[in-house]
Amino acid sequence: MTASVANQEIPKSNGITDGIDGYHRRVLITGLRRSGKTSCKRVVFNGTAPKDTFFVQTTQELEKTRFNSIIPLELWDLPGNEDVLDEDLQQYLQLVHAVVFVIDINDHWFNPIAQFSDMLAAATEAKALHLVFHIFVHKMETLANENKNAKFNDIQRRINDEIDEQNLQSSPLVRSIAFHATSIYDHSIYEAFSSVVTRLIPQETLGQYENLLNSVHLSCGSKYAFLFDLKACLRLSANQETHEMPTFSLSVEYLKLLTSMSGAIGTGLREGTTDDAYSCQLVLSETIVAFWQINKELCLIMGLSSANWRAQRATIEYNVLMYRETLLRVLEVIEKHRKSNAAAIKGPTTARPVS
């Protein structure tokens, strides 16, 4: 069943390796039942409103969803069973490139921490040293603001203690673990999945994206610049000086507004019905938040002073046009290389490290 052009449910099958290819980057999303892992995926990658996640059914079997972004993703939603066979778990871990482990901040922590520790041990034993682990400490909106940091730090400490108790501190995978405080009711879930996706991009390629973005940022004199995924609102690149949550949050809200209005104002967002870059601006008191569509999957968002925009608009538009054309050429070369590598891989294979 296809949800959209870029978000495709893969038909269910009994074999773990069915449909595996060398083209997609595979992300395993797991955790205990009712931890919120399926809701996280639906909100970010399906555009489900947070209030509608109350009606999301519990995952009963492995669900695979493909999502086309700056890299092709395959999301594996694993049911929250504690009795997954060891050989199946090891096979999952060998085949995927990253693991997102979701922990409900309100849950009793003993079981999820023990399950994560077992998964880390299984990955180490299976020599799946290419893996990157992301721990989403989820449902943070249920805590009072003054308690959030203390709870978040406490769960990190307990996980590290469990790793020490299980003698896993020497595993190379421990260095890959990243912790994220998340909620589907604010922008933290988009920030967390942005980190998941960017860590799947080879460092050399990511450096190319960042260099191009820094160039257009400096040439336009912008306050900040982001390269976003249009559909999932994921930050794929940012200028070197900008990683603050307020500018990210404003950009996400603006992008969500534009995509929700795309049908009414005829922007062609999501559909990719035009080869021309669509652009528009949000005018604030002293700042312009400017949007340019790069292609059907990507967009550029920049913050500019109102005075700079009025005085240099033609130059800024030209600089963005040059950035767009260069980026599209780079993406074309990378896509050809990716397809060539995928064609050389026959059948299921252990995931390769991101280099």
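1. Some details on the packing of helix 2 (residues 86–95) against helix 3 (residues 110–125)
Stage number 1. Running from N to C, helix 2 and helix 3 point in directions that differ by 70 degrees, and their axes come no closer than 9 Å. When the axis of helix 2 is compared with that of helix 3, the two are roughly perpendicular. Mapping the contact onto sequence places L89, Q90 and L93 in helix 2 and M119, A122, A123 and E125 in helix 3.
Stage number 2. Tallied by class, residues from the contact of helix 2 with helix 3 come to five nonpolar, one polar and one charged.

2. Regarding the packing of aromatic side chains
Stage number 1. Counting across every chain of the model gives eleven aromatic pairs.
Stage number 2. Look at Y224 and F226: their rings are 5.7 Å apart centre to centre, the planes differ by 45 degrees, and that puts the pair in the tilted class. For the residue pair Y224 and F226, the accessibility class agrees, reading buried in each case.
Stage number 3. For the pair F226 and F248, a centre-to-centre distance of 6.4 Å together with 80 degrees between the ring planes defines the contact as edge-to-face. Here F226 is found in strand 8 (residues 224–229), whereas its partner F248 is found in helix 7 (residues 245–260), with 22 residues between them in sequence.

3. Overview of the pairing of strand 3 (residues 63–68)
Stage number 1. Within strand 3, five of the six residues are buried, which leaves it mostly tucked inside the rest of the structure.
Stage number 2. Pairing geometry for strand 3 and strand 4 (residues 72–77), over six bridges, is antiparallel. Considered in strand 4, the bridge of K64 is made with W76.
Stage number 3. Linking two consecutive strands that pair antiparallel, namely strand 3 and strand 4, is a turn of three residues.

4. Some details on the confidence of the model for the protein
Stage number 1. Per-residue pLDDT for the protein averages 86, and the proportion of residues at 70 or more is 84%.
Stage number 2. Here residues 1–5 scores under 50 on pLDDT; set against residues more than four positions off or in separate chains, the count is seven contacts.

5. Thoughts on a nonpolar patch on the surface
Stage number 1. A grouping of F54, F55 and Y185 is seen on the molecular surface, where their side chains present a nonpolar patch of about 430 Å² in accessible area.
Stage number 2. Along the chain, F54 falls in the loop between helix 1 (37–45) and strand 3.
Stage number 3. The exposure class assigned to F54 is exposed, which follows from its relative accessible area of 63%.

What counts and what doesn't
Residues numbered from 1 in each chain as written. Predicted model: local features only at pLDDT ≥ 70, side-chain atom pairs only at ≥ 80, totals over all residues. Heavy atoms only, no water. Axes fitted to C-alpha atoms, helices over the stretch in contact; angles between N-to-C directions. Helix = DSSP H or I, 4+ residues; strand = E, 2+ residues; numbered from the N terminus. Parallel < 35°, antiparallel > 145°, perpendicular 65-115°, else oblique. Contact = heavy atoms within 4.5 Å. Nonpolar A, V, L, I, M, F, W, Y, C, P; charged D, E, K, R; others polar. Phe/Tyr/Trp six-rings, centres within 6.5 Å; stacked < 30°, edge-to-face > 60°. Buried < 20%, exposed > 50% of the residue type's maximum accessible area, 1.4 Å probe, protein only. Pairing = 2+ DSSP bridges. pLDDT = per-residue confidence, 0-100. Patch = residues over 30% accessible without salt bridge, like charges linked within 9 Å, V, L, I, M, F, W, Y side chains within 5 Å. Areas by Shrake-Rupley, 256 points an atom, 1.4 Å probe, with all protein chains shown as cover. Salt bridge = Lys/Arg side-chain N within 4 Å of Asp/Glu carboxyl O.

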